[in-house]
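Okay, here's what each chain looks like letter by letter:
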Amino acid sequence: MQEPTFLILTTLATRPLHGYGVIQEVKTLSDGRVTLRAGTLYGALDRLAEDGLVEVEREEAVDGRLRRYYRLTREGTAALEEEVARIRHNADAAASRLREARARFA
Amino acid sequence: MSLERRYGLLLRAYPRRYRRTRGAEILTTLLDGAAPGQTWPHWRDAADLVRGGLRYRIMPPRGAGYLVAAGLSAVLLGVIVAALSATLTWRSVESGDDRRALDGFLAQTGAVGSATSVERLYTVGAWQPESYQQVNVLFDGGRGAGMGDVDRRLTAAGWRVHRLVLGNDVTDSLIADRDGDSVELTFLRDPNGATTTLIVDYDHRVPGRVWQGLLGGLLAGAAAGWLLAAWFLRGIREHRGAGARAGLLVTGLTMLGLELVVLLTMASYLYGGLDGRLTSARLLAMPGYALADSGIWLLLIVGAAVAAATVSRASSDPPQQGEEHRVGTVPVRPELRGGSGAQPG
């Protein structure tokens, strides 16, 4: 799973968000490192929806403008949990190796 | 011009069908992110929208089946347009006086007698490309040249000659080539020894510009085939009703039939063209001729018409009972339908 995809799923883990909300949350989560553009965001949302990981939760018209809110599906939550476990496992393995290396050269 | 209007223009990079369902939403997101007083789109947003729109137009839906279908469509249209383009180029650059070239060659062989027929060869329901002719010339038994003599004359004229061993006493054959022209000569001896019939297949070299026409046609046709398939398959993907499925089936079977014609024709030429006279131009041109001359091209029109009608109807009709409505590729629950189709720009 690519980082932008991971971050999009993460932003939707707690509550439904509209497109701009997702962009803002991704920026916050990544400490400003990842800035999603609209074209990229909706391309990713299309792919995630095809895979059944996100769905439209509701639509709103605010000041005459359409907003759609997206949320994680059950499959999306499971996929995110799986990815978190994978990243955590890899991070733990890397940290363990680094501790070994430091002990050897100390 | 307002920022909203400018974003609307950029959104035209996306297909209309996509804009109809997604455009208003993307526009809202873009305007939400705009700085106060901003009147021009940021260049990164502009590049991102154009890239996203082109990607959506070019790529078929995800999945191996869609990719294979788009690939087959690209091959089919590529071959047909390449054949058409090569033929038109060939006719525009050639004098068309194949007979004169043939007469010039016959003068070099020392043949005596006159041609009894000059004709194009027919095969797989279509005639061969230019300059591929069959001529019968009579040799007078006493005065005319035999194969050995023709061999020497042609060699002296700069032809590279290869004799073929046919294993019978009434037929001899040789193949010669020079400067891209090639020729096959078959000598049929009268059992009485009075006359020899010479059959000449003269194969004029492919003019250089034909290759350019061929390559251009191949690329243009393949690109068109890919884009048409991507457009059609996206339409089917987004509207999964019974009508769309039936249209997909008819179009798929039609295209499959055409693919079979193209591939079988090419295979037959590969199999039969081992004498060295087969060129890539002919190999690519033959399926086009076969399709055009046999009337099978009607299938292409039927397939294209069904495809266009299917996608057009699927795009314009509201979802029916049991059909899934999708925003782009995102499924929308029935209670959310309606009131969201504003189109930007």
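See the structure printed just above.
Parameters and conventions
- Residues numbered from 1 in each chain as written.
- Chains lettered and ligands numbered in written order.
- Predicted model: local features only at pLDDT ≥ 70, side-chain atom pairs only at ≥ 80, totals over all residues.
- Helix = DSSP H or I, 4+ residues; strand = E, 2+ residues; numbered from the N terminus.
- Contact = placed C-beta atoms within 7 Å.
- Buried ≥ 20, exposed ≤ 12 C-beta atoms within 10 Å, placed from the backbone.
- Nonpolar A, V, L, I, M, F, W, Y, C, P; charged D, E, K, R; others polar.
- Core = buried A, V, L, I, M, F, W, Y, C linked by C-beta atoms within 7 Å.
- Axes fitted to C-alpha atoms, helices over the stretch in contact; angles between N-to-C directions.
- Pairing = 2+ DSSP bridges.
- Arc of directions from axis to C-beta.

Undergrad: Got a sec to walk through the overall build of chain A? Specific residues and values, please.
TA: Scanning chain A from N- to C-terminus turns up four helices and two strands. If you list the helices and strands of chain A from N to C, you get α-α-α-β-β-α. Residue pairs in contact within chain A that sit at least 24 positions apart in sequence constitute 42% of those at least 6 positions apart.

Undergrad: Can you tell me about the overall build of chain B, naming the residues and giving the values?
TA: Summing up its helical and strand segments, chain B has 10 helices and 10 strands in all. A buried classification covers 34% of the 345 residues belonging to chain B. Once local pairs closer than 6 in sequence are excluded, the contacts in chain B between residues at least 24 apart make up 72%.

Undergrad: Quick one: what's the story with the interface of chain A and chain B, residue by residue and with numbers?
TA: Contacts between the two partners involve 21 residues from chain A and, on the opposite side, 26 residues from chain B. Counting only elements with at least two residues in the side of chain A that touches chain B, the list comes to helix H2 (19–29), helix H3 (38–50), strand S1 (54–62) and strand S2 (65–72) of chain A. Tallying contributions element by element places H3 of chain A first for the side of chain A that touches chain B, with nine residues. Among the residues making up the side of chain A that touches chain B, the classes are represented as eight nonpolar, four polar and nine charged.

Undergrad: Residues and numbers for the nonpolar core, please.
TA: Among the nonpolar cores identified, the biggest contains 35 residues, and Ile8, Leu9, Leu12, Leu41, Leu45 and Val54 of chain A together with Leu11 of chain B are the most heavily contacted of them. A per-element tally of this core places H3 of chain A first, with six residues. With residues up to four places along the chain from it excluded, the contact list for Val54 of chain A reads Leu12, Leu45, Leu48, Ala49, Tyr70, Arg71, Leu72, Thr73 and Gly76 of chain A. Among the nonpolar cores identified, the runner-up in size contains 23 residues, and Ala69, Val81, Leu214 and Ala230 of chain B belong to it.

Undergrad: Explain unusual backbone geometry to me, using residue names and the numbers behind them.
TA: Phi at Asp31 of chain A is positive, roughly 55 degrees, even though this residue is not glycine. With respect to the helices and strands, the residue Asp31 of chain A is situated in the loop between H2 and H3.

Undergrad: For the packing of H3 of chain A against helix H3 (residues 43–58) of chain B, give the residues involved together with the corresponding values.
TA: Their axes nearest at 7 Å, the elements H3 of chain A and H3 of chain B cross at an angle of 35 degrees. Between H3 of chain A and H3 of chain B, the contacting residues are Ala38, Gly39, Thr40 and Gly43 of chain A on the first element and Asp45, Asp48, Leu49, Arg51, Gly52 and Arg55 of chain B on the second. Class assignment of the residues belonging to the contact of H3 of chain A with H3 of chain B gives a composition of two nonpolar, four polar and four charged.

Undergrad: Any chance you could break down the pairing of strand S6 (residues 171–178) of chain B for me, citing the residues and the numbers?
TA: Residues and elements named next belong to chain B. As defined by bridge partners, strand S5 (residues 160–164) adjoins S6 across five bridges and the pair is classed as antiparallel. Along S6, the bridge assignment pairs Val161 with Ala176. In terms of strand pairing, S6 meets strand S7 (residues 181–189) through eight bridges, oriented antiparallel. Within S7, the residue paired with Ala176 across the bridge is Val183. Following S6, the chain reverses through two residues before pairing antiparallel with S7; Asp179 in that reversal takes a positive phi of roughly 55 degrees.

Undergrad: Can you break down H2 of chain A residue by residue, with the values?
TA: Where H2 of chain A is concerned, the buried positions are Gly19, Val22, Ile23 and Val26 of chain A. Angularly, the buried residues of H2 of chain A cover 100 degrees about the axis, an arc narrow enough to put them on a single face. Of the surrounding elements, those touching the buried residues of H2 of chain A are helix H1 (3–11) and H3 of chain A together with helix H2 (16–32) of chain B.

Undergrad: Account for the environment of Gly221 of chain B, with residues named and values stated.
TA: Residue and element names in this part refer to chain B. As for its position among the elements, Gly221 is in helix H7 (residues 208–238). Here Gly221 falls in the buried class, since 23 other C-beta atoms lie within 10 Å of it. Between the alpha carbons of Gly221 and Leu77 there is a distance of 4.9 Å; along the sequence they are 144 residues apart. Residue contacts for Gly221: discarding those within four places in its chain leaves Leu77, Gly78, Ile80, Val81 and Ala82.

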